[in-house]
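The residues making up each chain are set out below.
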2 protein chains.
Amino acid sequence: MSDRLHATVLEVGPRDGLQNEARALSPEDRIAFIARCVEAGARRIEAVSFVNPKRVPQMAGAEEVMAGVPRRAGVSYSGLVLNRRGLDRALDAGVDEVNVVVVASDTFCVRNQGCTTAEMLDAWDAIASAAADAGVPAGMTIAAAFGCPFEGETPPERVAEIARRAHAAGAFEIALADTIGVGVPGQVRDLTRRVRAAAPGTPLRFHFHNTRNTGYANALTAVDEGVTILDASTGGFGGCPFAPAATGNIATEDLLYALHRGGVETGMDMEAVAETGIWLGGLLGAPVPALLGRAGPF
Amino acid sequence: MSDRLHATVLEVGPRDGLQNEARALSPEDRIAFIARCVEAGARRIEAVSFVNPKRVPQMAGAEEVMAGVPRRAGVSYSGLVLNRRGLDRALDAGVDEVNVVVVASDTFCVRNQGCTTAEMLDAWDAIASAAADAGVPAGMTIAAAFGCPFEGETPPERVAEIARRAHAAGAFEIALADTIGVGVPGQVRDLTRRVRAAAPGTPLRFHFHNTRNTGYANALTAVDEGVTILDASTGGFGGCPFAPAATGNIATEDLLYALHRGGVETGMDMEAVAETGIWLGGLLGAPVPALLGRAGPF
């Protein structure tokens, strides 16, 4: 085929990959990690989180990180934001885009963010409006879109309704996150269709965890459905606090292997990412969940 | 839907799961493992290998294992066979079916089995004929059907040609094995179509390794293509000697999770399998590659 398929892998390692690790990395180490991602071809990176550093010490020093990341044409840095205070910090720090997380189940939203889903949607409206005034694109990640550790299966109608709110406030992108890694490909297909109908024209992104070994199948199913933006974390770090022994995000290097071998281009260097995964495991003092670095390429 | 989908998971843990582990289990432990699989609902089990115990000491005592496995209506035990001597042992030991492995690439076949693919196909003809005379079904597993550690990508035409030979000699089933875990879903779809055309009417089985995190996506793709028989190994044991640090077979418990949540019934008890995976990890003194036992069900 002359028209090769292309997908964008959004590197979330510096944020979701690190925020639950036992060992917190310094801003310097996080800058070095991000620089390695850029070198390996990443063009969208979730670099920082503007949450309260008392609650998530691993994400402290977001401003220092943003001040030190390599600025290069075509590279976009995203910051996670949950409220107006976070947005102000993100704008001051010079992020290229903001990512607002809305948890789809009330119990999980209250435990994670201290407010119900409805309250978080009101916060989203305010953040989206202020971000638009500042000329910075705001997108929404719908967390626990596949299932909740407290409430079980997430009703897909609820996810679609949240997506409708995202769309109404001008989200430049909507992401569906399987935060606790319970989803299966049939759900990916169903949610893709529902969210596209609820938010017509808004690009869709997926965020998968491989907690129960369904993450890569889900990611490839999303691509099969025409989704072209996928989150992944170098090394596969990013365990879930609700399953402490479980592995985390799908690994960037393993996702690249499956995409490249399946004829989908990403512009990224799989082997360089695998080396960064091993390097990161050394910094974190933790085993690397990604498999490509262990198995080697083919 | 009232017509639920159904898939059969062939438990290969007692053979492929154990044959590369550093610690060899006694026949008694292997019988206990098999009994636990039967209790959890497995109805097809690759229990033993009739290869030379000097070459694969982990598989020594196949006769003792077969003498001790629980005999129950509807449970079928398979033995791996590579030559007439192995077949005679398998028939004497009372297996219900024999599995003949033909490696699709010459270099790998010579290193693994001491003969070329063509020579192994001649051996297959002889084994299939003798098994038919004895009234025992013989099936073929085409190993390295997706790729070879020495020759790279396996030409799919070659796999189809081997399948034609299997079909001509009356194979009751043909399995395609991604022995080194390099395959991706597009290959699964392509090979499924080619082998069905080469061996019309012969049931197709797949055998995936998760060496580079594509195994579960491949398995679910096969089901999507209408394949209803999949190999898996409790706990996900079964590392590949060509990638010593890499993980092995797809894990039975994780495959069951994906199938059951996707609406495909198997008749097996996912949580009982996960407990056996943890038990087996204790016997082997090795970390359990399966994720369900760590993460818990949903």
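All of the points below concern the structure found in this document. (Residues numbered from 1 in each chain as written. Chains lettered and ligands numbered in written order. Predicted model: local features only at pLDDT ≥ 70, side-chain atom pairs only at ≥ 80, totals over all residues. Heavy atoms only, no water.)

Residue and element names in this part refer to chain A. The buried fraction of strand β10 (residues 204-208) is high, at five of five residues. Where burial is concerned, the two faces of β10 agree: the one with Leu-204, Phe-206 and Phe-208 and the one with Arg-205 and His-207 are both buried. As paired elements, strand β9 (residues 174-178) and β10 share five bridges and run parallel to each other. If you follow Leu-176 over to β10, its bridge partner there is Phe-206. (Buried < 20%, exposed > 50% of the residue type's maximum accessible area, 1.4 Å probe, protein only. Helix = DSSP H or I, 4+ residues; strand = E, 2+ residues; numbered from the N terminus. Pairing = 2+ DSSP bridges.)

Moving on, we come to the relation of the copies chain A and chain B. Mapping chain A onto chain B leaves a residual RMSD of 0.0 Å; the transformation is a rotation of 180° accompanied by 0.0 Å of translation along its axis. The symmetry that links the two subunits is that of a two-fold axis. Among all residues of chain A, the minimum C-alpha distance to the rotation axis is found for A:Ala217, at 2.0 Å. Here 100% of the interface residues in chain A have copies in chain B that are interface residues too; the copies meet face to matching face. (Least-squares fit on C-alpha atoms with pLDDT ≥ 70 in both. Contact = heavy atoms within 4.5 Å.)

Residue and element names in this part refer to chain A. Their axes nearest at 8 Å, the elements helix α10 (residues 252-261) and helix α11 (residues 270-284) cross at an angle of 160°. By the criterion of interaxial angle, the relationship of α10 to α11 is roughly antiparallel. Where α10 crosses over α11, the handedness of that crossing is left-handed. Facing α10, whose interface residues are Thr-252, Glu-253, Leu-256, Tyr-257 and His-260, α11 presents Met-270, Val-273, Ala-274 and Gly-277. (Axes fitted to C-alpha atoms, helices over the stretch in contact; angles between N-to-C directions. Parallel < 35°, antiparallel > 145°, perpendicular 65-115°, else oblique. Left-handed = near helix turned anticlockwise from the far one by under 90°.)

It is worth spelling out α11(A) at this point. Owing to its 3.6 residues per turn, the α-helix brings residues three or four apart onto one side. Residue and element names in this part refer to chain A. Along its 15 residues, α11 runs 21 Å from first to last C-alpha, staying within 8% of the 21 Å computed at 1.5 Å per residue. Within α11, burial applies to Met-270, Val-273, Ala-274, Thr-276, Gly-277, Leu-280, Gly-281 and Leu-284. The buried residues of α11 occupy an angular sector of 160° when projected down its axis, which confines them to one face. For α11, the exposed residues set more than 90 degrees away from the buried face come down to Glu-275 and Gly-282. On its buried face, α11 is in contact with α2 (27-39), α10 and α12 (292-295). Phi for Gly-285, located one or two positions after α11, is positive at around 60°. (Expected span 1.5 Å × (residues − 1). Arc of directions from axis to C-beta.)

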